[in-house]
Amino acid sequence: MCADTPTIDTTTLQRIGGQLGSNPAGIFQDGNGRRYYVKTLESAAHARNELIAAELYQLAGAPTLTYVRTIAADQVATEWVELTKKCIAHLNDSECKQARYWFGVHAWTANWDAAGYNGDNQGVAGGKVLTLDVGGALAFRAQGDPKGKAFGTRVDELELLRRDTDNPHAVKLFAEMSADDIKQAINVVLRIPDEKIRQVILDSGGTLALADKMIARKANMAGR
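These figures come from a predicted structure and were not determined experimentally.

Draft legend 1. Broad picture of the packing of helix α1 (residues 44-60) against helix α7 (residues 194-203). Close contact between α1 and α7 brings their axes to 9 Å; oriented N to C, the two are set at 150°. In this view, α1 runs roughly antiparallel relative to α7, as classed from their interaxial angle. Considering only the axes of α1 and α7, their crossing is right-handed. Here Ile52, Glu55, Leu56 and Leu59 of α1 come into contact with α7, specifically with Lys196, Ile197, Val200 and Ile201. Of the residues belonging to the contact of α1 with α7, the class tally is 6 nonpolar, no polar and 2 charged.

Draft legend 2. Layout of the nonpolar core. In terms of nonpolar packing, the biggest core is built from 51 residues, with Leu56 and Met214 touching the most fellow members. Within the residue set of this core, elements represented by two or more residues are α1, α2 (93-101), α3 (103-108), α4 (157-163), α5 (168-174), α6 (179-190), α7 and α8 (208-222). Among the elements that make up this core, the one with the highest residue count is α1 (8 residues). Not counting residues within four places of it along the chain, the set of residues in contact with Leu56 comprises Trp108, Thr109, Leu138, Ile197, Val200, Ile201 and Met214. Counting 7 residues, the second largest nonpolar core, distinct from the first, contains Ile8, Tyr36, Val38 and Val68.

Cut-offs and rules
- Residues numbered from 1 in each chain as written.
- Predicted model: local features only at pLDDT ≥ 70, side-chain atom pairs only at ≥ 80, totals over all residues.
- Heavy atoms only, no water.
- Axes fitted to C-alpha atoms, helices over the stretch in contact; angles between N-to-C directions.
- Helix = DSSP H or I, 4+ residues; strand = E, 2+ residues; numbered from the N terminus.
- Parallel < 35°, antiparallel > 145°, perpendicular 65-115°, else oblique.
- Left-handed = near helix turned anticlockwise from the far one by under 90°.
- Contact = heavy atoms within 4.5 Å.
- Nonpolar A, V, L, I, M, F, W, Y, C, P; charged D, E, K, R; others polar.
- Core = buried A, V, L, I, M, F, W, Y, C linked by side-chain atoms within 4.5 Å.
- Buried < 20%, exposed > 50% of the residue type's maximum accessible area, 1.4 Å probe, protein only.

Read these as layout, nothing more, since geometry by itself doesn't imply function.
Rendered as structure tokens:
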């Protein structure tokens, strides 16, 4: 999250649109015309999980929407942007290459929803491909169920995001990556210092156990 973005209180904003994804949400506007997309999640833990994931994406340099702090602990908000493309099916070859560059970050953070249930979690704004929602990363699935032991220290997502037939849009996007493409994507994560990972997670309200797990997942990727 950018340091200069406001902390918003949705009770003081005007709701001007409804939800676009699987969680209760809406488009809100403040008195200056700034718009935000705000999701209300099952708990503060779910919201914190997504915000930590967003910070890790930012740490890796992976483009996402701009997250904004909210007064309500169970809400997650992003600055509203007009997308020129809203689905993987609409990406051209160059845009698909952009999206694949961040494959290692999706795998590292266990973002099973990197492509989206309908291929709608990758979009384009200002010529840049963005991950539009990181709610499926780390400890929870996109619709809120805990991943449990499936979110461990081994990064099976390096295979699952390219092979799992239950995740067809991820397979469509990532299956044809070459060995060199995958190595490059892994190196994006390996360049992140362990101490930065730990600092970001702890500063975002995460636990030392999560920090240790993410560092171990990075080490597991190095061994691939």
